[in-house]
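# Notes for the structure review
Next come the chains, spelled out residue by residue.
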Amino acid sequence: MNVNEPKQGNALLSETPLLQVDNLVKRFGKGCSYCQQIENLQGDEESDIESARPQNQCPVCGSVLGCAGISFELYPGEILGVVGESGSGKSTMVRSLYFDDEVTSGSMTLAGYRDGQVNLFEASSQQKRYIRNHLMGMVYQNPYLGLRMNFSSSGNIAEKLFAAGSFHVGSIRDRAKELLERVEIPLKRMDERPSNFSGGMQQRVQISKALANNPPLLLLDEVTTGLDLSVQAKVLDLIRSIQQELGVSMIVVSHDLGVIRMLSDRTMVLKQGRVVETGLTDQILEDPQHPYTQLLVHSLL
Ligand SMILES: Nc1ncnc2c1ncn2[C@@H]1O[C@H](COP(=O)(O)OP(=O)(O)OP(=O)(O)O)[C@@H](O)[C@H]1O
């Protein structure tokens, strides 16, 4: 597959979302009676584009709204791109979805967990662990967050399989081989620590670990940022082919519209913790409606 080729159409969207997020709020800081009314920090969408004053910071108590009421749906087999400038809340959003950060309020349901009837943000820590181990995978920009650098690559995968209840050493080893082969890590290096690997290889090991238990949902946070362009292209190509092969749904966070253009079916644009525009990626890139999206798109050109 050539990464320079345009995407082959959009995923077939089924009627029922795999993931539904409603009104996700994440506040950093204690908050006060002023900023608990989120609309007080709303700002003027049209005029604050160039403004230096962050609209997501409370002028009274100084708390910051990382996510200020984000709602969206993700359908089976779909790749949703999340784009926005630095500080727009992209990482806070995915970290919240993966339970790395505890949210302030909001709800998240997954079709594969108790028929989508449970707000996962309110689940117990044991339930959250189950969901992370069986139903979600996460790939971080910084491989040190997703990998244990003092374990071998196969050991990293084994850890994820153990966590989901696999204990048969032979099958774990076979699965590790299969996954590492899939992400093109030479098998003779499977017992080496990822700290010996290049940045692109570390990201590929992270991807294989995240996929170990066949989760229906994969979260990818700036996974190619900081890699050389040719390495970046290989990792993006891998992500795209894995998605086509396994049909896994993905949320791809990037500040780089080139990455979004290549991978995502639909795109959600964030600004200061809020969704300003969502639509088919081609439409967002070719005919952006919101002034902020227009600025982002034009800065790509
Ligand atoms: N631990 C924290 N404590 C206080 N504020 C935070 C914390 N983490 C994030 N923020 C704030 O939340 C807002 C959203 O940050 P976030 O890192 O999610 O943005 P981003 O779009 O991922 O940016 P980048 O691409 O630069 O990482 C920013 O204003 C940021 O300063």
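Procedures and definitions
- Residues numbered from 1 in each chain as written.
- Predicted model: local features only at pLDDT ≥ 70, side-chain atom pairs only at ≥ 80, totals over all residues.
- Heavy atoms only, no water.
- UniProt positions renumbered as here; feature names shortened; annotations may be inferred.
- Helix = DSSP H or I, 4+ residues; strand = E, 2+ residues; numbered from the N terminus.
- Rg over C-alpha atoms; globule rule 2.2 N^0.38 Å.
- Buried < 20%, exposed > 50% of the residue type's maximum accessible area, 1.4 Å probe, protein only.
- Contact = heavy atoms within 4.5 Å.
- Areas by Shrake-Rupley, 256 points an atom, 1.4 Å probe, with all protein chains shown as cover.
- Lys, Arg positive; Asp, Glu negative; His and termini not counted.
- Charge placed at Lys NZ, Arg CZ, Asp CG, Glu CD.
- Pairing = 2+ DSSP bridges.
- Axes fitted to C-alpha atoms, helices over the stretch in contact; angles between N-to-C directions.
- Core = buried A, V, L, I, M, F, W, Y, C linked by side-chain atoms within 4.5 Å.
- Domains from an automatic or database assignment.
- Near = heavy atom within 4 Å.
- Polar contact = N/O pair within 3.5 Å; in protein donor to acceptor, adjacent residues only side chain to side chain.
- Phe/Tyr/Trp six-rings, centres within 6.5 Å; stacked < 30°, edge-to-face > 60°.
- Lys NZ or Arg CZ within 6 Å of the ring centre and 35° of its normal.
- Salt bridge = Lys/Arg side-chain N within 4 Å of Asp/Glu carboxyl O.
- Parallel < 35°, antiparallel > 145°, perpendicular 65-115°, else oblique.
- Left-handed = near helix turned anticlockwise from the far one by under 90°.
- Nonpolar A, V, L, I, M, F, W, Y, C, P; charged D, E, K, R; others polar.

Under an unreviewed UniProt entry, the name given to the protein chain is ATP-binding cassette domain-containing protein, and the source organism is Paenibacillus lycopersici. A UniProt comment under Sequence similarities (unreviewed entry) is attached to the protein chain, and it reads "Belongs to the ABC transporter superfamily."

### Some points on the overall build of the protein chain
Counting its regular elements, the protein chain contains ten helices and nine strands. The C-alpha radius of gyration computed for the protein chain amounts to 19 Å, which stays within 12% of the reference 19 Å derived for 301 residues, consistent with globular compactness. On the principal axes, the C-alpha backbone points of the protein chain span a range of 60 × 45 × 40 Å. Across the 301 residues in the protein chain, those meeting the buried criterion constitute 52%. A sequence separation of at least 24 residues applies to 72% of the contacts in the protein chain between residues at least 6 apart. Total accessible area on the protein chain stands at roughly 14,000 Å², and carbon and sulfur atoms take up 47% of it. Side chains of the protein chain carry 28 positive and 35 negative charges; the gap between the two charge centres is 9 Å.

### Looking at the sheet that holds strand β4 (residues 105–110)
The pairing of strands in a sheet happens through backbone hydrogen bonds and is either parallel or antiparallel. Pairing within the open sheet is antiparallel, and its three strands lie in the order β2-β1-β4. Across the chains shown, the open sheet's two edge strands, defined by having one partner strand only, are β2 (64–74) and β4. Adjacent strand axes in the sheet meet at a mean angle of 15° when their direction is disregarded. Pairing geometry for strand β1 (residues 19–28) and β2, over eight bridges, is antiparallel. Residue Leu24 lies in a different strand from β2, and its bridge partner there is Ile70.

### Observations regarding the nonpolar core
Nonpolar side chains in soluble globular proteins tend to end up buried together. The biggest cluster of nonpolar side chains holds 36 residues, and the ones touching the most others in it are Ile207, Leu218, Leu220, Ile239, Ile242, Met250 and Leu263. For this core, the secondary-structure elements that each account for two or more residues are α4 (153–163), α5 (169–182), α6 (199–210), β6 (217–221), α7 (229–246), β7 (249–253) and α8 (257–263). Each of domain 1 (19–112 + 119–135 + 216–300) and domain 2 (148–214) contributes no fewer than three residues to this core. Grouped together as the second largest cluster of nonpolar side chains are 32 residues, Met93, Val94, Phe99 and Leu217 included.

### Here we look at the site of the ligand
The environment of the ligand is formed by 13 residues, the closest being Ser86, Gly87, Lys90, Ser91 and Thr92. Here an oxygen atom of the ligand and a backbone polar atom of Ser88 are 3.1 Å apart. Note that an oxygen atom of the ligand is positioned 2.8 Å from one of the backbone N or O atoms of Ser91. For the ligand, the protein covers 57% of the area, taking 620 Å² as the surface of the free molecule. Every element with two or more residues in the shell around the ligand is listed here: β2 and α1 (90–97). In terms of residue count, the dominant contributor to the shell around the ligand is α1 (three residues).

### A closer look at the packing of aromatic side chains
In total, this model carries two aromatic pairs according to the counting rule given. Ring centres of Tyr113 and Tyr130 lie 6.2 Å apart, and the angle between their planes is 45°; this geometry places the pair in the tilted category. Here Tyr113, found in the loop between β4 and α2 (125–134), pairs with Tyr130, found in helix α2; they are 17 residues apart in sequence, far enough to count as distant. Given a relative accessible area of 7%, Tyr113 falls into the buried group. Judged by its relative accessible area of 40%, Tyr130 falls in the partly exposed class. An angle of 35° between the planes, with centres 6.1 Å apart, marks the rings of Phe162 and Phe167 as tilted. Accessibility expressed as a relative area gives 41% for Phe162, which makes it partly exposed. For the cation-ring pair, Lys271 lies above Tyr292, with the distance from its terminal atom to the ring centre recorded as 5.7 Å.

### A word on the pattern of salt bridges
Taken as a whole and judged by the stated rule, the model has nine salt bridges. Residue Asp100 pairs with Arg132 through a salt bridge whose shortest N-O separation is 3.0 Å. One end of the pair, Asp100, is in the loop between α1 and β4; the other, Arg132, is in helix α2, with 32 residues separating them in the sequence. Among the residues examined, Arg132 registers a relative accessible area of 24% and is labelled partly exposed. Notably, a salt bridge pairs Arg189 with Glu192, separated by 2.9 Å at the nearest N-O pair. Judged by relative accessible area, which is 25%, Arg189 ranks as partly exposed.

### Section: the packing of α6 against α7
Packing of α6 against α7 leaves a shortest axis separation of 10 Å and a crossing angle of 15°. Comparing their axes, α7 and α6 come out roughly parallel. α6 and α7 meet at a crossing whose hand is right-handed. Of the residues in α7, those touching α6 at Gly200, Arg204 and Ile207 are Val231, Val235, Leu238, Ile239 and Ile242. Broken down by class, the residue content of the contact of α6 with α7 amounts to six nonpolar, one polar and one charged.

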